[in-house]
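Overview (structure and organization)
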Amino acid sequence: MMLKDHNLTTRHSFYQLAQKKLFFPSAVWHNAVRSMFIQTQDTPNPNSLKFIPGKEVLESRTMEFSTPAAAFCSPLARQLFKIEGVKSIFFGPDFITITKESEDLDWNLLKPDIYATIMDFFASGLPVVTDEAPRTDTAASEDDDEVVLMIKELLDTRIRPTVQEDGGDVIYKGFEDGIVQLKLQGSCTSCPSSIITLKNGIQNMLQFYVPEVEGVEQVVDDDDDVEKKANST
């Protein structure tokens, strides 16, 4: 990502301290009947893989489904959760990030079922999410002060697009006592580099442009918190 500050232009990565590694499509799936290509792209998280169907997924927003129960509003997510080994699902504007349950699972065994499910779904003509789907964007509201508006603008225009390139997203959750509360989604959720993402990428940029920002902290949902505690025991 190119970060521009007046006469200074630097290249910065949210996931790596060194120059960002480019992840090229690792596979292409083609079905002659449906004429649909599905590309896959590695992410910084070895347990997450980005699937690019070549079609619009969620237009201009994102959604995460951490459990099958959370997929009540998405016919596509419900079908993907039926695949053994799928842990969580993330929808971006034009991609789908699948996170597998463990490193022991071979992506080569999961990919065929995921390809087939995505192709069959888009051939069905069903909506990716229903009208009852909750909104999770960081759009500005009338209650936002100048500082919050600036934070949201930086997130939407400079930070989120770069994070989405790596199959994840970052959602604004609040700003209190100088601390910006953010939720990492998709490939970022369980990525070993998530701390680097927050501290060396997002926090540095927000502090540079918004002096009122003293730090950034990650917010987890109840399901995520329970899972992290289980993994630590």
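Residues numbered from 1 in each chain as written. Predicted model: local features only at pLDDT ≥ 70, side-chain atom pairs only at ≥ 80, totals over all residues. Heavy atoms only, no water.

Side note on helix α3 (residues 146-165)
Basically, it comes down to this: Runs of H or I in DSSP of at least four residues are treated as helices and runs of E of at least two as strands, each being numbered from the N terminus. Every helix has an expected span of 1.5 Å times one less than the residues it contains. What the bend at a residue measures is the angle between two axes, fitted to the seven residues ending there and to the seven starting there. Between buried and exposed lies partly exposed: a residue is buried under 20% and exposed over 50% of the maximum accessible area for its type, with that area taken using a 1.4 Å probe on protein chains only. Side-chain atoms alone can form a polar contact between residues adjacent in sequence; in general such a contact is a pair of N or O atoms within 3.5 Å, and within protein one must be able to donate a hydrogen while the other accepts it.
Here α3 is 20 residues long and its end C-alpha atoms lie 28 Å apart, about the 28 Å a rise of 1.5 Å per residue gives. At I159, α3 shows its strongest bend, of approximately 45 degrees, with the proline P161 following within four residues. Of all the residues in α3, the buried ones are V147, V148, I151, K152, L154, L155, I159, R160, T162, V163 and Q164. Sitting at the head of α3, D145 places a side-chain oxygen 3.2 Å from the backbone nitrogen of V147. Taken from the residues just after α3, G167 is the one with a positive phi, measuring 85 degrees.

Notes on the pairing of strand β4 (residues 36-42)
The line we're drawing: For two strands to pair, DSSP has to find at least two bridges joining them.
Of the pairings in the sheet, the one linking β4 to strand β5 (residues 48-52) comprises 4 bridges and is antiparallel in character. Bridge pairing links Q41 to K50 in β5.

Some remarks on the environment of L126
Assignment of secondary structure puts L126 in the loop between α2 (107-124) and α3. Take L126: its relative accessible area is 49%, and that puts it in the partly exposed class. Residues L126 and P75 lie 51 residues apart in sequence; the distance between their C-alpha atoms is 7.7 Å.

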